[in-house]
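# Structural overview
Residues per chain, in single letters:
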Amino acid sequence: MGTGDIVKVHVNDANGKVSSGARLSIGFKADNGRYGFAKNTGHNGNVVEYELTIPKGRISRLLIDTALQITDAQGAAVPPGKAGPAVAGPSEVTITVR
């Protein structure tokens, strides 16, 4: 997908699990059925950065696939393989590896 809205995902990784090679895949599924995967764009201290492009003007749900325990910005568990936080338009999302 070439055009769309950019979503940045900041992964708080204080214990360095992702940086040490633990598998973490982030993607999305849009309300029109499209899906895609985030690309790792680097890290800043204990934060691993990902970016994905979702269809413009559509609501999408983040999908997180990992064996790690993940929580959203409010501290609620994000079950792996299940639809996570909803995103729309250019936005930023923060999740935390426990």
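Our next topic: the pairing of strand S1 (residues 5–12). Sheet topology note: the S1/strand S5 (residues 47–54) ladder contains eight bridges and is antiparallel. Paired with Val-7 across the strands is Leu-52, a residue of S5. Note that S1 and strand S9 (residues 91–97) share six bridges and pair parallel. When the bridges of S9 are listed, His-10 appears paired with Thr-94.

A few words on the nonpolar core. Counting residues in each nonpolar core, the largest one holds 22 residues, and the members touching the most others are Val-11, Ile-26 and Tyr-50. Contributing elements (two or more residues each) for this core: S1, strand S2 (24–30), S5, strand S6 (59–66) and S9. Excluding its chain neighbours within four sequence positions, the residues that come into contact with Val-11 are Leu-24, Ile-26, Asn-46, Val-47, Val-48, Tyr-50, Ile-95 and Val-97.

A few words on the sheet that holds S6. Spatial strand order, S3-S2-S6-S8: four strands in an open sheet with antiparallel pairing. Because the sheet does not close on itself, it has two edges, and the strands there are strand S3 (35–37) and strand S8 (83–88). On average, each strand axis in the sheet is tilted by 30 degrees relative to the strand beside it, whichever way the strands run. The sheet contact formed by S2 and S6 spans seven bridges and is antiparallel. Bridged to Ser-25 within S6 is Asp-65.

In this section: the pairing of strand S4 (residues 39–44). The buried fraction of S4 is low, at zero of six residues. Both S4 and S5 contribute to a ladder of five bridges, which runs antiparallel. Opposite Lys-39, over in S5, you have Glu-51 as the bridge partner.

On to the sheet that holds S4, then. The five strands are arranged S4-S5-S1-S9-S7 in an open sheet whose pairing can be described as mixed. The open sheet has two free edges, formed respectively by S4 and strand S7 (70–71), since each of these has just one partner strand.

Residue placement: Asp-5 occurs in strand S1. Within the structure, Asp-5 has its side chain in polar contact with the side chain of Lys-56 (distance 2.9 Å). Beyond its immediate sequence surroundings of up to four residues, Asp-5 is in contact with Leu-52, Thr-53, Ile-54, Pro-55, Lys-56, Gly-57, Gly-89 and Pro-90.

Conventions and cut-offs
Residues numbered from 1 in each chain as written. Predicted model: local features only at pLDDT ≥ 70, side-chain atom pairs only at ≥ 80, totals over all residues. Heavy atoms only, no water. Pairing = 2+ DSSP bridges. Helix = DSSP H or I, 4+ residues; strand = E, 2+ residues; numbered from the N terminus. Core = buried A, V, L, I, M, F, W, Y, C linked by side-chain atoms within 4.5 Å. Buried < 20%, exposed > 50% of the residue type's maximum accessible area, 1.4 Å probe, protein only. Contact = heavy atoms within 4.5 Å. Axes fitted to C-alpha atoms, helices over the stretch in contact; angles between N-to-C directions. Polar contact = N/O pair within 3.5 Å; in protein donor to acceptor, adjacent residues only side chain to side chain.

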